[in-house]
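# Summary of the model geometry
Here is what each chain is made of, one letter per residue.
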Amino acid sequence: MTAVDDFDDVLKAVGPRLRAIRKQREVTLADLSAQTGISESTLSRLESGQRRANLELLLPLARAHGVPLDELVGAPDTGDPRVHLKPVRRGGRTIIPLTRRAGGLQAFKMIIPGVRSHVEPELRVHEGYEWMYVLDGKLRLYLGEQDLVLKPGEAAEFDTHVPHFFDAADRNPVELLTLFGQQGERAHLRARSR
């Protein structure tokens, strides 16, 4: 088998993989079209293998599904067992994805720099359900009418349809773990009785 054959096999597998990821996330072609700006007919042809995938189509799909591009195309493993987490910086915050699967609960470690001046909270709402656990520092969480401060070892969970905003509670950075379910999935914690 030549490298060209390998390349063709990878491209042929993209369509079924795209369909499986979309179905797992329970997203319609119309919803995905609205998220990516790619027409429903193009998405359908991609999934059925009638259209060849290219970067212009795959990049917005990877972003919409929340998966790395290599997972979307089924790139072969490199053989390196180490996890190479790629932090993302947004608004001064460092976000490290801890999961790589499409759909379902997504886990992140977040580092929020300390507050240097008063920031007026801009409460937001969106689809999903969130769970947070403070590792270090203090987290200020505005949740509806509540103004809460969480310390290391404390956790909060909430429906993201409730207006919310979170930031460091003081001049020190805060580190936290978050679980986020875009479709409203919740973390299920079980304790064993002795």
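Treat the numbers as computed from the prediction; the structure is a model and nothing was measured.

### Here we look at the overall build of the chain
Within the chain, the regular secondary structure consists of five helices and nine strands. Each helix and strand of the chain, placed in order from N terminus to C terminus, yields the pattern α-α-α-α-α-β-β-β-β-β-β-β-β-β. Burial status across the chain gives 34% buried among its 194 residues. Here the chain has roughly 12500 Å² of accessible surface; of this, 52% comes from carbon and sulfur atoms.

### A few points about the sheet that holds strand 4 (residues 129-136)
Within the open sheet, the six strands sit side by side as 1-2-3-9-4-7. Their pairing is antiparallel. Strands at the two margins of the open sheet, each flanked by one partner only, are strand 1 (88-90) and strand 7 (155-159). Pairwise comparison of adjacent strand axes, ignoring direction, gives a mean angle of 25° for this sheet. The pairing of strand 4 with strand 7 spans five bridges and is classified as antiparallel. Across the sheet, residue M132 finds its bridge partner in strand 7, namely A156.

### Some remarks on helix 3 (residues 40-48)
Taken as a whole, helix 3 has its buried residues at T42, L43, L46 and E47. One side of helix 3 carries all its buried residues, which in axial view fall inside an arc of 135°. Looking at the residues trailing helix 3, positive phi occurs at G49, about 85°.

### Notes on the packing of aromatic side chains
What the rule picks out here adds up to two aromatic pairs. Between Y142 and F165, the ring centres sit 6.1 Å apart and the planes meet at 40°, which makes this aromatic pair tilted. Taken together, the residues Y142 in strand 5 (residues 139-143) and F165 in strand 8 (residues 164-168) connect sequence positions 23 residues apart. In this structure Y142 comes out as buried when scored by relative accessible area, which is 17%.

Here is what the cut-offs are and how they apply
Residues numbered from 1 in each chain as written. Predicted model: local features only at pLDDT ≥ 70, side-chain atom pairs only at ≥ 80, totals over all residues. Heavy atoms only, no water. Helix = DSSP H or I, 4+ residues; strand = E, 2+ residues; numbered from the N terminus. Buried < 20%, exposed > 50% of the residue type's maximum accessible area, 1.4 Å probe, protein only. Areas by Shrake-Rupley, 256 points an atom, 1.4 Å probe, with all protein chains shown as cover. Pairing = 2+ DSSP bridges. Axes fitted to C-alpha atoms, helices over the stretch in contact; angles between N-to-C directions. Arc of directions from axis to C-beta. Phe/Tyr/Trp six-rings, centres within 6.5 Å; stacked < 30°, edge-to-face > 60°.

Geometric descriptors of this kind do not, in isolation, establish any biological role.
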